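Spelled out, the chains give:
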Amino acid sequence: MIADGHEVAHLSSALEGHDRDLVIDRFRQGQAKVLITTNVIARGIDVSSVTMVVNYDIPTKRNGDADAETYLHRIGRTGRFGRVGVAVTFISDREQWMRLAQIQKHFGVEIENLNRNDWDAVEESVRNAIKHAKVGQKKRAAVPSESAMQTDGAAA
Amino acid sequence: MQTVLFSATFPENVLGFARIFAPDANMITLKHEELTVEGIKQFFFDCDSPESKYQTLVKFYGMLTVNSSIIFCAVSAETRRGIGNGNSALKLPPRLRGG
């Protein structure tokens, strides 16, 4: 991915505490835009600018079932503090497909299929998801100004 | 003294354990159907093979301009093999590499 021009940081359990902190700091400061990691820090990272989480491997328990709790903690790394985020899971065989179905059933959600043979449609789906996020933020931002107007009205 | 134990995602066996060591505790629980996070749009890519996963990932990233993102991988034997002798682009240095 570095070869493709992405700014990538890599975090694994092989790194000691101090080095891990350095990696997370660089990611938090935006010097690296993509963080590749295992579960080690799935529950600890709280970087408000994370807009996308990729499950390159679907979380799996030792018994082969989907690990819905880990899935939720992972995707919860995005959309912090009311922001909107995108979560994308990659599957490549029947077992992984079954686990994805388990996760959908567990949380009662529908996970939308991105067709990798139609990149225009992929782009539109993802853009729509992000756009709706921004609309939502504007609505929230509009609330204080409305109350300010009311205050002005009351003063007048 | 107060002991507070909290998580959005306790599995049933952890809840049972909590009931044993704190039998009179106040418990607030959610149905797991209510846990999913509003505001996070969830997608998936259906790929043919581990190789096509990687190709799809790279293409996907080529298409997007996202602020920051996290990629979670299992550290399975398969992943290690992929990093070891698969795509050189996935072969990351031990330390992070900035842009």
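Residues numbered from 1 in each chain as written. Chains lettered and ligands numbered in written order. Predicted model: local features only at pLDDT ≥ 70, side-chain atom pairs only at ≥ 80, totals over all residues.

1. Topic: the overall build of chain B
Within chain B one finds three helices and two strands. Secondary structure elements of chain B, listed N to C terminal, follow the sequence α-β-α-β-α. The buried share of chain B, taken over its 99 residues, is 20%. (Helix = DSSP H or I, 4+ residues; strand = E, 2+ residues; numbered from the N terminus. Buried ≥ 20, exposed ≤ 12 C-beta atoms within 10 Å, placed from the backbone.)

2. Thoughts on the overall build of chain A
A tally of helices and strands in chain A yields four helices and five strands. Traced from its N-terminal end to its C-terminal end, chain A shows the element sequence β-α-β-β-α-β-α-β-α. For chain A, with 156 residues in total, the buried portion stands at 37%. Within chain A, contacts between residues separated by at least 24 positions form 61% of all contacts whose residues are at least 6 apart in sequence. (Contact = placed C-beta atoms within 7 Å.)

3. Re the environment of leucine 64 of chain B
Within the secondary structure, leucine 64 of chain B sits in the loop between helix H2 (50–63) and strand E2 (68–72). Residue leucine 64 of chain B is classed as partly exposed on the basis of its C-beta count, with 17 C-beta atoms lying within 10 Å.

4. Brief notes about the confidence of the model for chain B
Residues and elements named next belong to chain B. Residues at a pLDDT of 70 or more form 68% of chain B, whose mean pLDDT is 71. Per-element confidence in chain B is highest for strand E1 (residues 40–46), whose mean pLDDT is 94, and lowest for helix H3 (residues 77–85), whose mean pLDDT is 42. In this model, residues 76–99 is a region of pLDDT below 50 whose contacts with residues beyond four sequence positions or in other chains number 33 contacts. Two numbers describe this predicted complex: its pTM, 0.70, and its ipTM, 0.76. (pLDDT = per-residue confidence, 0-100.)

5. Quick look at the pairing of E2 of chain B
The buried count for E2 of chain B comes to five of five residues, which makes it a mostly enclosed element. With burial as the criterion, each face of E2 of chain B is covered, one bearing Ser68, Ile70 and Phe72 of chain B and the other bearing Ser69 and Ile71 of chain B. Across four bridges, strand E2 (residues 34–37) of chain A lies against E2 of chain B in parallel orientation. Counted as the bridge partner of threonine 37 of chain A is phenylalanine 72 of chain B from E2 of chain B. Relative to E2 of chain B, strand E3 (residues 50–55) of chain A runs parallel, the two sharing five bridges. Bridged to methionine 52 of chain A within E2 of chain B is serine 69 of chain B. (Pairing = 2+ DSSP bridges.)

6. Observations regarding the sheet that holds strand E5 (residues 112–114) of chain A
Reading across the sheet, the seven strands line up as E1(A)-E2(A)-E2(B)-E3(A)-E4(A)-E1(B)-E5(A) and stay open at both edges, with parallel pairing between neighbours. Both edges of this open sheet fall to strand E1 (8–11) and E5 of chain A, since each of them pairs with a single strand only. For this sheet, the mean angle separating the axes of adjacent strands, direction not counted, is 25°. Sheet strands in contact with helix H1 (residues 17–28) of chain A are E1 and E2 of chain A together with E2 of chain B, and its direction is about 150° off that of E1 of chain A. Across the sheet, helix H2 (residues 68–75) of chain A touches E3 and strand E4 (85–91) of chain A together with E1 and E2 of chain B, and the angle it forms with E3 of chain A is around 150°. (Axes fitted to C-alpha atoms, helices over the stretch in contact; angles between N-to-C directions.)

7. Regarding the nonpolar core
One finds Ala9, Leu35 and Val88 of chain A together with Ile71 of chain B to be the most contacted residues of the largest nonpolar core, which totals 45 residues. The element contributing the most residues to this core is E4 of chain A, with five residues. Each of two domains, domain 1 (1–41) and domain 2 (49–155) of chain A, supplies a minimum of three residues to this core. (Core = buried A, V, L, I, M, F, W, Y, C linked by C-beta atoms within 7 Å. Domains from an automatic or database assignment.)

8. Some words on H2 of chain B
Spanning 14 residues, H2 of chain B covers 20 Å between terminal C-alpha atoms, matching the ideal 20 Å at 1.5 Å per step. Here H2 of chain B has its buried residues at Lys53, Tyr54, Thr56, Leu57, Phe60 and Tyr61 of chain B. With its buried residues spanning 165° around the axis, H2 of chain B presents them on a single face. Check the buried side of H2 of chain B and you find it contacts E4 of chain A together with E1 of chain B. (Expected span 1.5 Å × (residues − 1). Arc of directions from axis to C-beta.)

9. Observations concerning the pairing of E2 of chain A
Every regular strand shows the same layout, with side chains that alternate between the two sheet faces. Residue and element names in this part refer to chain A. The alternating pattern of E2 places Val34 and Ile36 on one face and Leu35 and Thr37 on the opposite face, and all of these are buried. Summarising the sheet, E1 and E2 pair through four bridges and their orientation is parallel. In the strand pairing of E2, leucine 11 is matched with threonine 37.

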